[in-house]
Structure formats: C-alpha cells, structure tokens
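Now for the letters of each chain:
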Amino acid sequence: MKNQCNLIVLRRALHHAAVLILITSVSLGATAAAQVPMPKDTLGFTPGDDRKLASWASIVDYFKRLDVASDRVKFEEIGKTTMGAPFVYATISSPENLKRIKKYEEINAKLADPRTIKSSDAAAKALIKEGKTIVLITCGVHSTEVGSTLSSMLIAYRLASSTEPEIKKILDNTIILMVPSLNPDGVDIVKNWYDKTLGTPYEGTEPPELYHKYVGHDNNRDWYAFTQVETQLTVDKIHNVWHPQIVHDIHQQGAFGSRLFLPPYMPPVEPNVPKQIVEGYTELGNAMAADLRKQGFQGITTNSTYDAWTPARAYSHYHGGVRILSETASARLATPINVSFDQLRGSEGYDAKKESANFGPIWKGGEWKLRNITDYMTGAAFSLLNHAANNREKWLSRFYEIGKEAVRPRKDGELFGLALVPSWNGQEIVKILERGGIEIEAAKGSSIGETTIKEGTRVIRAAQPYFALAKGLLESQKYPNLLDENGHPIAPYDVTGHTLSLLMDVKVIPIFQEFETYKGGWGFGSGGGSSRCYGTLDYRIYKSHVPSMDEGWSRWAVEKYEHMLPNRARYCSVRHDSIRNDQLNQNYLSNSVNVIIFPDQSPLQILNGYAKGTMPDEYTGGVGKEGVENLKKFVEAGGTLVFMNRSSNFAIREFNLPIKDVTAGLARKDFYIPGSILRTELDLTSPIAKGMPQQSIAWFENGPAFEVDPSAWSTGFSRPSADKKPPEGGTPSVTVIAKYPADPKQILLSGWALGSDKIAGKAALVEVKIGKGKIILFGFRPQYRGQSLATFPLLFNAISQ
C-alpha cells in the first residue's frame, strides 16, 4: 500500500509535467522556455535522483548556461573559496528589472539607511512603491545537507523558464539572489566521498574529514566574527550590497523528527533583534507552513527546536531582514532510507507522532529519499517567493521602519553610544564591527558622566542603522533560566554567550549623553618580541579520522595568529603540522617535535576512533593503547602535551594524573553551562600566564573543571601547607595556573550558568610535570571559534614556553 508521502511525490511530478508542457508552447519576454537548459542537460541527471550528487564544476557550469540562455538570470563569480574554487551567485528577476538592477540596488540602500532619504516618510513611500523585495536564498552551507545545493538548480530553472502567472508575478516584484552553495569546497568533499563509498557497506556515511577545510559545521556560526573567506564574501558582496528583506537559509535536519521546520523560532529571541523582525519571520513562517500543508505536505513544525538567540547564525536579523531557516529531514546523503512510525521522535516543542497546534499533519513513515527532500525545499522556496511578491510594499515598509527606528536621535536617559577602550588587540574587533556595517568614529576628549573618555577613543553612535549588532556583540548576555516541568534546563540551539568584547579583551564603556566626534582615532597596539633567535619550535595538532571542528579551528588559529606567539622571536623557525593515529602508534615522535596539541574531542573518540565495520578499515581506530604509551615516553623525554576541553579527560584517565574532573557525573539539572563566558583568576608567576591580566575569561562548553589530588606536590593556587613535603619517586607535580572565583556569583560573565557553585574555586588550567616534560590541561577552549583572542596568549605560551 502506497503511503501518503508517495502521493505527494506523484502530485509534485504531475505539477512538474504540466509546467514542462506549458513551457513548450508559450514564451515569456525575449527568452523561449524551450531554449533554457534543464539541469539534467548539464549534470546528466535531474537533481533529486537517488544516489546522484553533482560536482561543484558542473553546478557552476549549469548556472553559466542559464545566464547565457535566459535574460532573467545574471550569474557572477565574486571571489575564491578557502581552497580556491569559484564563489558564485545568480541574480534572478524579470528582464525589465535586470536592465534597471543598479536602480533597485540604490533604492534598497536608501531604505536601509533612512538618513539618506530627503523629506523622510514621503520620499520613502515613493521608493517603496517603486522598489522590489530583495530575497537572498542561501544553500549548502553544511555540505552533507546535500538537498539544498541540488534544489538551487531546480528553483533557478523554474524561475528562468516558466510561463506560469505565479512565476511572472514573482519575477516582476522580487529580485532573487541565489547562492547555490555557501561552501563550494564541501560540495566536492562530500561528493567524492559518496562516490567512493557508493555500492559499499559505507554508502551514505559522512566523510572522515571536515567538509570545510577549517571549521566544518561551524561555518554557519561565523556570521558575526567573519573569520572565513566564504562568510566574508557573502557579507561584503551580497548582504552589504543588497540589504535583503528576506534571507531563506535552506538546511537539513535529522531523519527521525519532523519532515520540515519553519519559523517562528522558539524563545528566547536575542533582545537586540527588532520587534519588526520577529513579526516578519512569524508572519512569513506561518504563512509558508499553512500554504505547504494546503498543498499536501506533511510533518511540518513551527515554533520548535530552533531559537533566535545568537547572531552567529542570523546576520540579517541585525540588518533589517528576516532569516527564514528551513530544516528538511535527511536521508543518508543521496541514498534512500525507510523510517517506521515507531522510529519517529519529536524535539523541543513537538512530538512527531502527535498532531498539535504547531505540528502536522502527521507523516506516518515510509521511504524517505532525496526527491522528497528537494520537493519540500523547492515547495518551501516558492511559497516564500509568492509571499515576498504578493506583499512587496509591506516588506519594504517594514524594512524602512526598522531603519528609521535605528537612526532616530536619542533622548536623555537613553544609550547614546559605546566607547572602545584602546587595547593590544582592539583593531581586530574594530575590523569585525566595520565589516558588519557599523560606523566607528573618534571621540573628542571629555568627561561623560563619571567616566573620562580620552581624546581619539573609538566610539559607536547608537543612532545608526546597525547599532543593534554592535550592542549585541559588546554587551553581556543574560540568557533566561529556562527549565521544563521537571526542572531540567531547556537547551539552547547553539550557545548562550557571544560577547565579543569579553572574548577579545576589549573594555566597553556605555555613553548616556551626547558626545562629539571626529575622523581618526586611537591606533590599537600589537605585541613586540625579543631579537634573540635560537633553535626550532616544531609542534603538531592531533587530527582524528573522526572530524573535530575544534581541530580545524586550532589549525586556523595558529595559521592566522602564529605571529602572536609570545616567544616567537626566540626561535629561528617555527613549524606546525597535523599528526595522525598511525604516526602515534608507530612512535613517529622524533626528537624534532616539541609539542603535541589535542583539541576538544571526546576521550573515546581519541582513544578508539571509528569502530571496525562502521567505516573503511583505513579510517578506523584511534590513538590506542600503543599510542598512549608512546605519548608517555614523549613527555618523559621532555615533550609537551597540550589538551583542550574534553580531551583533558583523556589525559587524566590515560596518564593516571592526580586530578579529578568535578563536573563528571553531575546531572544536567544540577550543572549546566551551555556555551558561556566565565571569569577566571590567573597565577601570574606561571610562564603560561605571561602577559595576561590577573583576571581573564574561559569559554566554557561541555568542559571539565579540575580538582587536584592533595597528595600531589603542587605550586601556584594549589600550594600545599608549609609542613607538606614534596613527593619522591617521580610523582607528578601540579601547578594550577587558572581557577574560577570562589564566589559562585562572580563566575558568570555572559550567557547561562546553572550550578556554577559546583566549579567555584576549582581549576580551569593546570600544568603537570612528568619526567623532563609536561602536560597542560585546559578546561576550556582557548581558541574558541577563532574569537577568544583574550585567551590566545595562554595557548601560545603553552606551545612556546
């Protein structure tokens, strides 16, 4: 008996067939539909076919052919990816709109910044009447979510070829910016792996490497730090040029929940997001869900699972545009799966087996394949585009109102701006803020309230279009204490703290009165170094076959900021590379290697890796017991091992260190810190703390906190009593370099910390001396997502001391 999902496929197939019949008989504008190439003419298959993925070169080739064949499509390359592939996008609209494309770009820029509009509201109404809704559709940021990049070609083809009145209205009233992939390198990484394993027991598994060279899945957590090339290109050459009212970000989710998620988002909403944005994504998401249900799509949820807290995923929310995240259920890459009704499960806010106000109609299970995924994605995209076209003036009016509120003059008692106190790394935060469209000026020296602002201090006026982003990044977050009916914390979708000023150690002063400015300002200094030079620093970063985003971030951090090594000038040369399991198992550790870094990863993944039978043999196994023994010999002979966050527990267990993780075994209702910024206190007598302030931060997320066994001879904060004698016979000596405040109320700086008393006074960073070498344990990620410059010196000191 055919299930209801197959009926949807048949309905969509009949719809596509009707469109193709219509295309053969009618033309629109200068381009006959029959002249527009179908995706299969380039790819050799139709996107959505089982077990078929497209290479990036073939996708680019298809869009180039669309550009040539259709006067509705303008395709361009705007730069190169991290690995040198073309980064591209297509502008799609009516031929008449494309002929006047610069005019519409100018109209939208004026509406984005009402300070540029003379006569204000009256002139704005004229621009709104003439303007078009700008819709940015982004696909493929997560490359294992293969459906969206394939769907981009199906969407583009229909827009470029169809003679349907619905499509004509969309083209006349909107300008669509289509990014086929935000991560082109990953398109080929995933396709190559899929093709390699096709027809084997490992078909449909994910690649044993990050699908972005450095950051993997975290490339969609980069929308305020702008660390990666692809993020920078999208922001600089699309977002900041076009200022879209709507961003449709197409994703996939797990296979056993809803078939499709659409906004509105769950609470909480980050408090600097304008209310009009919340209204906009609520209206549009609910309208799309209702429309798709009417068309027969099943298993749709709204107001569940995903929140709108962090700006790391929502650049547009701070730039006048709504982000419409869609999440469609996955298969095994391009391989079909079967899902029974009993396998279905819900997530926060819904149950996939029960119809409710924000979920339904129920999908009862059955075969789920790539064609289902592309059908849901294309259906959602055209539902969104119809709303954008039918409500053009409403979208533009809302966009203008957001900008108008942002630039209005401030009144007494309101926040007039923020001042950035000069610091050694302040230039980095200035670059980030300016990339986000934030205007930064120099203050004339004056006393503002009880604070004296020095001449030339960098200041950010509140009355400007994107001040909400600056405020969100420079103030501390106070995440609400969200608990379920059983007292368990409700997890945020990502993290709870994103205070860039804390992460980068830049002091911010709020200004509550008018102030004067001029162009220019303080320069931000950089560290110097000794002219002395000797020897070579050769360090390695552990790279498992189980991909770790933190490993990628570690490589990125040392490649970009290696000049920050406090003792860099001591060495005539510095080398770094990856080190693999086989090298550790074969005792590859030559005398030239000084340091090995283990990024954040679970201890079991480090020790065991992939189990036999789950991946091809060459990708199975971990460090193993033999590798552990070789690491012990490496330390005893004078080497340094650096462990970060969860990997520290690997060291504690495998090296039998006299240290306990006090968070181990704690119930989540008793202790939960889901990505927050904590205060630390440092022992400045330690070389690892050289150049650091006495108080600093730790990025805490699923990390340990340490308690030192009192029988270990220790120094620093864990200094023993005077009558305590040092141990004999090679017992490790432990130095506590950083700890959390003894007062639990002083621990949290930004985010959410439930049960912070459990780590009060406990160690966050320790050094253990063994033989001639040492092991350094970070209970946090000192290089968190390339943002935590405040703690980079701790890592670099650990590497180079």
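1. Quick look at unusual backbone geometry
Right, on to step 1. Here the residue pair Pro267 and Pro268 is connected by a cis peptide bond, since its omega of 5 degrees sits within 30 degrees of zero.
Right, on to step 2. Within the fold, Pro268 resides in strand 9 (residues 266–269).
Right, on to step 3. Omega for the peptide link from Gly360 to Pro361 comes to -10 degrees, which places this bond in the cis form.
Right, on to step 4. Relative to the helices and strands, Pro361 resides in the loop between strand 14 (359–360) and strand 15 (366–368).
Right, on to step 5. In this model, Asn303 sits at a positive phi of 55 degrees, which is unusual for a non-glycine residue.
Right, on to step 6. Mapped onto the fold, Asn303 is located in the loop between strand 10 (300–302) and strand 11 (307–308).
Right, on to step 7. Look at Thr305: it is not a glycine, yet its phi comes out positive at around 65 degrees.
Right, on to step 8. Mapped onto the elements of the fold, Thr305 is located in the loop between strand 10 and strand 11.

2. Remarks on the pairing of strand 20 (residues 458–461)
Right, on to step 1. Direction of pairing for strand 16 (residues 417–420) relative to strand 20: antiparallel, over a ladder of four bridges. Paired with Gly417 across the strands is Arg461, a residue of strand 20.
Right, on to step 2. One ladder, built from two bridges, connects strand 17 (residues 441–443) with strand 20; its direction is antiparallel. Bridged to Ala442 within strand 20 is Arg458.

3. Quick look at the nonpolar core
Right, on to step 1. Within the largest apolar cluster, 193 residues are counted, with the highest numbers of intra-cluster contacts made by Phe63, Leu111, Leu159 and Tyr740.
Right, on to step 2. Element by element, the count of residues in this core is highest for helix 12 (residues 370–390), at eleven residues.
Right, on to step 3. With sequence-adjacent residues up to four places away left out, Phe63 is seen in contact with Phe75, Ala90, Ser152, Met153, Ala156, Met178 and Pro180.
Right, on to step 4. Formed by 31 residues, the second largest nonpolar core is a distinct cluster that contains Phe598, Val623, Leu631 and Phe643.

4. Considering helix 13 (residues 392–407)
Within an α-helix, residues lying three or four positions from one another point in the same direction, as the helix has 3.6 residues per turn.
Right, on to step 1. Helix length check: helix 13 (16 residues) gives 23 Å between terminal C-alpha atoms against 22 Å at 1.5 Å per residue, within 8%.
Right, on to step 2. Buried within helix 13 we find Arg392, Trp395, Leu396, Arg398, Phe399, Tyr400, Ile402, Gly403, Ala406 and Val407.

5. Considerations on the packing of aromatic side chains
Right, on to step 1. Summed over all chains, the structure comprises 28 aromatic pairs.
Right, on to step 2. On the numbers, 4.8 Å between centres and 75 degrees between planes, the contact of Tyr265 with Tyr281 is edge-to-face. Within this pair, whereas Tyr265 is found in the loop between strand 8 (260–262) and strand 9, its partner Tyr281 is found in helix 11 (residues 275–295), the two being separated by 16 residues in sequence. Accessibility assignment for this pair places Tyr265 and Tyr281 in one class, buried.
Right, on to step 3. Members of the aromatic cluster, joined through ring pairs, are Phe261, Tyr265, Tyr281, Tyr306 and Tyr493.
Right, on to step 4. Against the face of Phe341 rests Lys353, its NZ or CZ located 5.9 Å from the ring centre.

6. Concerning the pattern of salt bridges
Right, on to step 1. One pass over the full model with this rule turns up 41 salt bridges.
Right, on to step 2. For the salt bridge of Asp249 with Arg323, the shortest nitrogen-to-oxygen distance reads 2.9 Å. Within this pair, whereas Asp249 is found in strand 7 (residues 246–253), its partner Arg323 is found in strand 12 (residues 322–329), the two being separated by 74 residues in sequence.
Right, on to step 3. A relative accessible area of 5% places Asp249 in the buried class.
Right, on to step 4. Taking relative accessible area as the criterion, Arg323 reaches 4% and is therefore assigned buried.
Right, on to step 5. Between Arg575 and Asp538 there is a salt bridge whose closest N-O contact spans 3.0 Å. Here the residue Arg575 occupies a position in strand 24 (residues 573–579), and Asp538 occupies one in strand 23 (residues 536–542), the gap between them amounting to 37 residues.
Right, on to step 6. Look at the salt bridges and you will find they share partners, linking Asp218, Arg221, Asp494 and Arg785 into a network.

7. Overview of the sheet that holds strand 16
Sheets are built from strands paired through backbone hydrogen bonds, the pairs being either parallel or antiparallel.
Right, on to step 1. Read from one edge to the other, the open sheet built from five strands follows the order 21-16-20-17-22, with strand pairing classed as antiparallel. Each edge of the sheet is formed by a strand with only one pairing partner; in this case those strands are strand 21 (508–511) and strand 22 (517–518).
Right, on to step 2. Each of strand 16, strand 20 and strand 21 touches helix 15 (residues 467–474); the most contacted strand, strand 16, lies at about 50 degrees to it.

8. Things to note about the sheet that holds strand 8
Right, on to step 1. The sheet built from nine strands is open, its strands ordered 3-4-6-5-7-12-8-10-14 with mixed pairing. With one partner strand each, in any of the chains shown, strand 3 (73–80) and strand 14 form the two edges of the open sheet.
Right, on to step 2. Inspection of the sheet shows strand 8 paired to strand 10 by three bridges, in the parallel sense. Bridged to Leu260 within strand 10 is Ile300.

9. Notes on the pairing of strand 23
Right, on to step 1. Counting buried residues along strand 23, six of its seven residues qualify, which places the element largely inside the surrounding structure.
Right, on to step 2. Pairing of strand 23 with strand 25 (residues 595–598) involves three bridges; the strand directions are parallel. Residue pairing for strand 25: Ile541 is matched across the bridge by Ile597.

10. Points about the side chain of Thr496
Right, on to step 1. If you trace the backbone, Thr496 turns up in the loop between helix 15 and helix 16 (500–503).
Right, on to step 2. A distance of 2.8 Å separates a polar atom in the side chain of Thr496 from a polar atom in the side chain of Ser676.
Right, on to step 3. Within the structure, the side chain of Thr496 is placed 3.2 Å from the backbone nitrogen of Trp752, a separation counted as a polar contact.
Right, on to step 4. In this structure Thr496 touches Trp309, Gln477, Tyr479, Pro674, Gly675, Ser676, Gly751 and Trp752, once residues within four positions along its chain are discounted.

11. Topic: the confidence of the model for the chain
Parts of the prediction with low pLDDT should not have their coordinates interpreted in detail.
Right, on to step 1. Per-residue confidence for the chain averages 91 on the pLDDT scale, and 89% of its residues sit at or above 70.
Right, on to step 2. Note that pLDDT drops below 50 for residues 17–32; the model gives that stretch 24 contacts with residues more than four away or on any other chain.
Right, on to step 3. The low-confidence segment residues 522–532 (pLDDT under 50) makes 21 contacts with residues lying over four places distant or belonging to another chain.

12. Focus: the environment of Met83
Right, on to step 1. Examined against the element boundaries, Met83 turns out to sit in the loop between strand 3 and strand 4 (86–92).
Right, on to step 2. In sequence terms Met83 and Val229 are 146 residues apart; their C-alpha atoms lie 9.8 Å from each other.
Right, on to step 3. Look past the residues within four positions of Met83 in its chain and what remains in contact with it is Asp185 and Lys213.

13. Description of the packing of helix 7 (residues 147–161) against helix 12
Right, on to step 1. Running from amino to carboxyl end, helix 7 crosses helix 12 at an angle of 50 degrees, the nearest separation of the two axes being 9 Å. Between helix 7 and helix 12, the interaxial angle falls into the category oblique. For the element pair helix 7 and helix 12, the recorded crossing hand is right-handed. Residues Gly147, Ser148, Leu150, Ser151, Leu154, Ile155, Arg158 and Leu159 of helix 7 form the contact with helix 12, whose participating residues are Leu370, Ile373, Thr374, Met377, Thr378, Ala381, Phe382 and Leu385.

About the cut-offs
Residues numbered from 1 in each chain as written. Predicted model: local features only at pLDDT ≥ 70, side-chain atom pairs only at ≥ 80, totals over all residues. Heavy atoms only, no water. Helix = DSSP H or I, 4+ residues; strand = E, 2+ residues; numbered from the N terminus. Pairing = 2+ DSSP bridges. Core = buried A, V, L, I, M, F, W, Y, C linked by side-chain atoms within 4.5 Å. Buried < 20%, exposed > 50% of the residue type's maximum accessible area, 1.4 Å probe, protein only. Contact = heavy atoms within 4.5 Å. Expected span 1.5 Å × (residues − 1). Phe/Tyr/Trp six-rings, centres within 6.5 Å; stacked < 30°, edge-to-face > 60°. Lys NZ or Arg CZ within 6 Å of the ring centre and 35° of its normal. Salt bridge = Lys/Arg side-chain N within 4 Å of Asp/Glu carboxyl O. Axes fitted to C-alpha atoms, helices over the stretch in contact; angles between N-to-C directions. Polar contact = N/O pair within 3.5 Å; in protein donor to acceptor, adjacent residues only side chain to side chain. pLDDT = per-residue confidence, 0-100. Parallel < 35°, antiparallel > 145°, perpendicular 65-115°, else oblique. Left-handed = near helix turned anticlockwise from the far one by under 90°.

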